[in-house]
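An overview of the molecular structure
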Amino acid sequence: MRRIKYWVIALAGVGVIGLGTAAYRDDFRLGQNIEMMVNVMRVLYLYYVDPIDADELGKSAAAGLVGDLDPYTELIHADENEQFELMTTGKYGGIGALIRQRNDTVFVAEPYRGTPSDRAGLKIGDAFLKIGDKDAIGLTTKGVSDALKGDPGTSVEITVRKLQTGAAETLTIQRQVIELPSVPYFGVVGDSVGYIHHADFTEGSADEVRRAFMALKSQGINRLILDYRSNGGGIMQEAVAVLGLFVPRGTEVLSMRGRGAGMNKTYRTETQPIDTQIPIAVLVDGRSASASEIVAGALQDLDRGVLIGQRTFGKGLVQSTMPVTGGSTLKVTTAKYYIPSGRCIQAVDYSHQRDSIGVRTIPDSLIKEYRTAGGRRVYDGGGVMPDIRTEAEYNSRFAVVVYAKGFVDDFADRWGVANAGRDVVATEFRLTEQDWNDFVAFLSDKDLGYRSASDVALDNLRRNAEYERRMTDEIRAELDKVAGLLTGDNAANLKLYRTELEEMLENAIVLRRCHSAGVAEHNLPRDPEVARARGVLSDIADYRRILTEKDTDRK
């Protein structure tokens, strides 16, 4: 017996020595590589044929260090910290306006409601002419944005050309802390159904959700829709706090596992919930990521809400920020997170050899089955699969081209000037037939530069047939016939894609009169996924059946 114990201890000792030797060897190799990198930078700086900026060289070297890891590990340089701060806090010092550029001029794209820009009377379509004593014509959106931002309490003088009158107007606007809302809209949709659009997870977003929910409860709602479509995530702790509103205090909703000390952690809700019984429908799509997936996935795993939409993005990686030299910050992936069923929703494995498209997704053979609190089957393999799948809606390429070229915004600006006395009620506004005809006439002399994907594919087929010497008169005639069937000029395309273009135009006009909250009110009545959620919530028996019996699809 003693002999056996001796060998166990001896083997353990060998293991410790081996680990120590391996750690020493790794540290030595790390030191060698650091020395090599410094020497390469030094030689390049001193002897490269053209002068090299030392700062740019350092940035390039740092980018190379993190560039092959994952898309979320990045070096944030000191001059980029302000933008990073905005992403995490949703706050900045400025006048509170979204801007866009057309040719050499920057315009107001949206003055946020209640901000200095809104109170000063800036309107969508007003053009920046001067900022202070500096000519704004020719500046980029970044140049104008940088000039408008500053310490809260300071003032900035701007000269704009007013869209409505065409006259130049000089304004002095006092900057303030601008807090972009995490909940841009909430309201009652239908019979006692509350709706909350939660757009991101910046600091304080859970408090915004709480306030929105309390306001809705005061209006008598007894069912709730949480909209996480296109929510790219943010601060993980805010996701835990949001879950704490709807599940009992002390419920485990998340765990993290990583290599570094202190990276393994379990998160439980810490606050007293507001409502643990209200039926909840959660809307998700392929752009719901990170913290939004934590909320949606945990509600599903706890059988606390029905998920409706498309499979989510699949970002199950946790980033931590660490200060480095010169005021820069390293945002580095330090752990993976796991929702209550035990699944990790990460879709891409960055640790292994990449495939032909540059990444490695989880193969079907490795998708694992998990169980919700009530025993329903759910799966990992990337993202959260909804309980009720719907088809994603996409705009046509033609409509996207028209929008991207600025023609929708330009027409909405013209419409606003021509219809200054016309009331716009967000929930009721619709384009008239005359409005549509005016838009068609507006586009009649515009170069859209549009070619359909079908046209491009047909051209490729012609070229390939010629290259492979397979083009015969018969094939050429058939291709010409297909081309004739596919041909659509702008007039035909406008007729074909009228519905979605009308929606874009209506949204642009409503935005100019009723802000972004008005756009949400305008779209909600015709949102098919909101309608589906309302239908599920109105049939409590079906809602309960889904939460107790329905497995999700495997993929």
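My aim in this report is to walk through the structure given alongside it, one point at a time. Since the model is a prediction, treat every value here as computed from it, not as a measurement.

Procedures and definitions
- Residues numbered from 1 in each chain as written.
- Predicted model: local features only at pLDDT ≥ 70, side-chain atom pairs only at ≥ 80, totals over all residues.
- Heavy atoms only, no water.
- Helix = DSSP H or I, 4+ residues; strand = E, 2+ residues; numbered from the N terminus.
- Buried < 20%, exposed > 50% of the residue type's maximum accessible area, 1.4 Å probe, protein only.
- Contact = heavy atoms within 4.5 Å.
- Areas by Shrake-Rupley, 256 points an atom, 1.4 Å probe, with all protein chains shown as cover.
- Core = buried A, V, L, I, M, F, W, Y, C linked by side-chain atoms within 4.5 Å.
- Expected span 1.5 Å × (residues − 1).
- Bend = angle between axes of the 7 residues up to and from the residue.
- Phe/Tyr/Trp six-rings, centres within 6.5 Å; stacked < 30°, edge-to-face > 60°.
- Salt bridge = Lys/Arg side-chain N within 4 Å of Asp/Glu carboxyl O.
- Pairing = 2+ DSSP bridges.
- Arc of directions from axis to C-beta.
- Polar contact = N/O pair within 3.5 Å; in protein donor to acceptor, adjacent residues only side chain to side chain.
- Axes fitted to C-alpha atoms, helices over the stretch in contact; angles between N-to-C directions.
- Parallel < 35°, antiparallel > 145°, perpendicular 65-115°, else oblique.
- Nonpolar A, V, L, I, M, F, W, Y, C, P; charged D, E, K, R; others polar.

**Examining the overall build of the protein**
Counting secondary structure elements, the protein contains 17 helices and 21 strands. Projecting the C-alpha coordinates of the protein onto the three principal axes gives extents of approximately 100 × 75 × 75 Å. Counting the 555 residues in the protein, one finds 42% classified as buried. Here the analysis covers contacts within the protein between residues at least 6 apart in sequence; of these, 69% occur between residues at least 24 apart. As displayed, the protein offers around 30,100 Å² of accessible surface, 52% of which is attributable to carbon and sulfur atoms.

**A few points about unusual backbone geometry**
Positive phi outside glycine occurs at serine 192, with the angle close to 60 degrees. Tracing the backbone shows serine 192 in the loop between β10 (185-188) and β11 (193-197). Judged by its relative accessible area of 23%, serine 192 is partly exposed. At serine 230, a position not held by glycine, the phi torsion is positive, near 65 degrees. Within the secondary structure, serine 230 is located in the loop between β12 (223-227) and α7 (236-243).

**Quick word on the nonpolar core**
Among the nonpolar cores identified, the biggest contains 60 residues, and Ile196, Leu224 and Ile225 are the most heavily contacted of them. Per-element tally for this core: the top contributor is helix α8 (residues 291-301), with six residues. With near-sequence residues (within four places) excluded, isoleucine 196 lies in contact with Val183, Tyr185, Phe186, Val209, Ala212, Phe213, Leu216, Leu224, Ile225, Leu226 and Asp227. With 31 residues, the next largest nonpolar core counts Ala412, Trp415, Trp436 and Phe439 among its residues.

**Observations concerning helix α15 (residues 498-523)**
Its 26 residues place the ends of α15 only 17 Å apart at the C-alpha level, less than the 38 Å of an ideal helix rising 1.5 Å per residue. The largest bend along α15 reaches roughly 130 degrees and is located at cysteine 514.

**Here's the deal with the side chain of serine 117**
You can see serine 117 is positioned in helix α4 (residues 116-119). Overall, the relative accessible area of 0% leaves serine 117 in the buried class. Not counting the four nearest positions on each side in its chain, serine 117 is found in contact with Ile95, Gly96, Ala97, Pro111, Tyr112 and Leu122.

**Concerning the packing of aromatic side chains**
This structure, assessed with the given rule, holds 10 aromatic pairs. With a centroid separation of 5.8 Å and 10 degrees between ring planes, the pair formed by phenylalanine 201 and tyrosine 228 is classed as stacked. Here phenylalanine 201 is found in the loop between β11 and α6 (205-218), whereas its partner tyrosine 228 is found in the loop between β12 and α7, with 27 residues between them in sequence. Like tyrosine 228, phenylalanine 201 is buried. Taking the centre distance of 5.8 Å and the plane angle of 55 degrees together, the rings of phenylalanine 411 and phenylalanine 442 count as tilted.

**Section: the pattern of salt bridges**
Side chains that carry opposite charge are capable of pairing whenever their charged atoms lie near each other. What the rule picks out here adds up to 30 salt bridges. Aspartate 542 is paired through a salt bridge with arginine 545; the nearest N and O atoms lie 2.9 Å apart. Here aspartate 542 pairs with arginine 545, and both are found in helix α17 (residues 540-549), just three residues apart, close to one helical turn. Its relative accessible area of 24% is what places aspartate 542 among the partly exposed residues. We classify arginine 545 as partly exposed; its relative accessible area is 35%. In the salt-bridge network here, residues are joined through shared partners; they are Arg100, Asp409, Asp413 and Arg512.

**A few points about the sheet that holds strand β16 (residues 306-309)**
Pairing in this open sheet of six strands is mixed, and the strands run β10-β11-β12-β15-β16-β21 from one edge to the other. Each of the sheet's edge strands pairs with one partner strand only, and the pair in question is β10 and β21 (388-389). Where β16 and β21 come together, two bridges link them in parallel fashion. Residue isoleucine 308 lies in a different strand from β21, and its bridge partner there is isoleucine 388.

**Observations concerning helix α16 (residues 528-538)**
Looking at α16, one finds that the buried residues are Glu529, Val530, Ala533, Val536 and Leu537. On an axial view of α16, the arc spanned by its buried residues comes to 120 degrees, and they lie on one face. Backbone nitrogen of glutamate 529 and a side-chain oxygen of the N-cap are separated by 3.0 Å at the start of α16; the cap is aspartate 527.

**Here we look at the pairing of strand β5 (residues 127-131)**
Here β5 lies mainly inside the structure; four of its five residues are buried. Bridging between β5 and strand β7 (residues 155-161) involves four bridges; their strand directions are antiparallel. Within β7, the residue paired with isoleucine 131 across the bridge is isoleucine 158. Across two bridges, β5 lies against strand β6 (residues 134-135) in antiparallel orientation. When the sheet's bridge partners are listed, lysine 130 is paired in β6 with aspartate 135. Hairpin connection between β5 and β6: a loop of two residues separates the two successive antiparallel strands, and glycine 132 in this loop has a positive phi of roughly 65 degrees.

**Let's talk about the environment of isoleucine 345**
Structurally, isoleucine 345 can be placed in the loop between β18 (329-338) and β19 (369-371). For the pair isoleucine 345 and leucine 317, spaced 28 residues apart in the sequence, the C-alpha separation amounts to 8.8 Å. Apart from the residues within four sequence positions on either side, isoleucine 345 is in contact with Glu293, Gly314, Lys315, Gly316, Tyr337, Ile339, Gly382, Gly383 and Val384.

**Remarks on the pairing of strand β17 (residues 317-323)**
Look at any regular strand and the pattern is simple: side chains alternate between the two faces of the sheet. Note: β17 against β18, seven bridges, orientation antiparallel. Among the inter-strand pairings, leucine 317 is bridged to a residue of β18, identified as lysine 336. Adjacent in sequence and paired antiparallel, β17 and β18 are bridged by five residues, among which glycine 326 carries a positive phi angle near 70 degrees.

**Here we look at the environment of arginine 304**
Structurally, the position occupied by arginine 304 is in the loop between α8 and β16. Classification of arginine 304 as buried rests on a relative accessible area of 9%. With 254 residues separating them in the primary sequence, arginine 304 and aspartate 50 have C-alpha atoms 63 Å apart. If near-sequence neighbours (up to four positions away) are discounted, arginine 304 is found in contact with Phe246, Val247, Asp275, Thr276, Gln277, Ile278, Ile280, Leu299 and Tyr543. A distance of 2.8 Å separates the side chain of arginine 304 from the backbone oxygen of isoleucine 278, its partner in a polar contact.

**Regarding the packing of α16 against α17**
Across the interface, α16 lies against α17 with an axial gap of 5 Å and an inter-helix angle of 95 degrees. As the angle between them shows, α16 and α17 are arranged roughly perpendicular. Residues Val536, Leu537 and Ser538 of α16 pack against Ile540, Tyr543 and Ile546 of α17. Here the residues of the contact of α16 with α17 are counted per class, giving five nonpolar, one polar and no charged.

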